[in-house]
Structure formats: C-alpha cells, structure tokens
Amino acid sequence: MPDPTPYAVTLAEDIAHGLDQLTEHLAQAPPRQAAKILGKVLDADEGVLGRMTGLMATGSQIAQHRAQAGSLPPEVFLALGRAANELNDIALDLDEHAYDIHRLANPPTAAHPAVAKPVASDMVIRRHR
C-alpha cells in the first residue's frame, strides 16, 4: 500500500532532516569550509535563508486567502507575514557581511603581500529594535 503522505509533506521533512545534517557539518567544519557553508546558506537570492523567506511569503499569501475565506484566523496570516518580513530584514542585515564571509572562505594567496593578516577584535553586540 502506498504512503498516503503527500509528496510536499515528505519533501518538507527531508529538507528539515537535511538542515539538521548541515548544522552538524557546520559545527565540525574548519573555518574556511564553515565560511563557504555560511556563504551558501546566507545568500539572499539562492541560499537557504532567501528561499526560506520566499517560502514564508508564499505561506503568508495562502494564509491571507484562507483568512479572507474565514477558514483561518487573521492572526495566522499576520504572523506569517511578520515572519517573512523579519527574515527579509535579517537577510538584508547579513548581506552587509557577505564580503567578509566570502573573504574568510577564499583567503588571499601569498601573491598578495599587501593584504594584512586578520587581527582579533573585541565583540560588539548591537541590537536593532
């Protein structure tokens, strides 16, 4: 008997499992490889974050139609829209640092002696709200 679970639900489960695996790889990766992984994940257009933002925006549109039809409370539509907007804002904030991540993933070669070695710095935490 075939599995009655729709393909899209199975796909979502597979993606969630893949993200768990990616998290494990990232946790164990050396700095250059970790930066390459983060670069792919954080890419605002083609990366996981950008596509998750698109998924939330689509979910928000669907919830809006269902809320207008009366089958979902409007709060569901609003929450999904807020999630999509916040993910987009996060992607924009992180995009400012794409060059630094790329630089870590692809350090300069010895042929560029004018490039200074990285220097450790104190962490500065800023909250936007």
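Structure: see above.
Calculation rules
- Residues numbered from 1 in each chain as written.
- Predicted model: local features only at pLDDT ≥ 70, side-chain atom pairs only at ≥ 80, totals over all residues.
- Heavy atoms only, no water.
- Axes fitted to C-alpha atoms, helices over the stretch in contact; angles between N-to-C directions.
- Helix = DSSP H or I, 4+ residues; strand = E, 2+ residues; numbered from the N terminus.
- Left-handed = near helix turned anticlockwise from the far one by under 90°.
- Contact = heavy atoms within 4.5 Å.
- Nonpolar A, V, L, I, M, F, W, Y, C, P; charged D, E, K, R; others polar.
- Buried < 20%, exposed > 50% of the residue type's maximum accessible area, 1.4 Å probe, protein only.
- 1 Å grid on protein atoms, 1.4 Å probe; cavity = no way out; pocket = protein on both sides within 12 Å on 5 of 7 lines; lining within 4 Å.
- Points joined across faces, edges and corners; volume = space filled by probe spheres on them.

Engineer: Sorry if this is basic, but what is going on with the packing of helix α1 (residues 7-28) against helix α2 (residues 31-42) here?
Structural biologist: Between α1 and α2, whose axes approach to 8 Å, the crossing angle comes to 145 degrees. Between α1 and α2 lies a crossing of left-handed hand. Of the residues in α2, those in contact with L22, H25 and L26 of α1 are A34, I37, L38 and V41. Looking at the contact of α1 with α2, its residues break down into six nonpolar, one polar and no charged.

Engineer: Looking at this structure, I do not really get the side chain of T53. What am I missing?
Structural biologist: When you line up the elements, T53 lands in helix α3 (residues 48-68). What makes T53 buried here is its relative accessible area of 11%. Beyond its immediate sequence surroundings of up to four residues, T53 is in contact with A84, L87 and N88.

Engineer: Sorry if this is basic, but what is going on with the layout of surface pockets here?
Structural biologist: Rolled over the atoms, a probe with the dimensions of a water molecule shows which regions are left empty. Here the second largest pocket is characterised by a volume of approximately 270 Å³. Broken down by secondary-structure element, the contributors of at least two residues to the lining of the second largest pocket are α1 and α3. Looking at which element gives the most residues to the lining of the second largest pocket, the answer is α1, with five residues. Looking at the lining of the second largest pocket, its residues break down into eight nonpolar, one polar and one charged.

Engineer: So what exactly am I meant to see when it comes to the environment of A63 here?
Structural biologist: By the secondary structure assignment, A63 is in helix α3. Residue classification places A63 among the buried positions, given a relative accessible area of 3%. A63 sits 17 residues away from L80 along the chain, and the two C-alpha atoms are 7.8 Å apart. Those residues in contact with A63 that lie beyond four places of it in its chain are L72, V76, F77 and L80.

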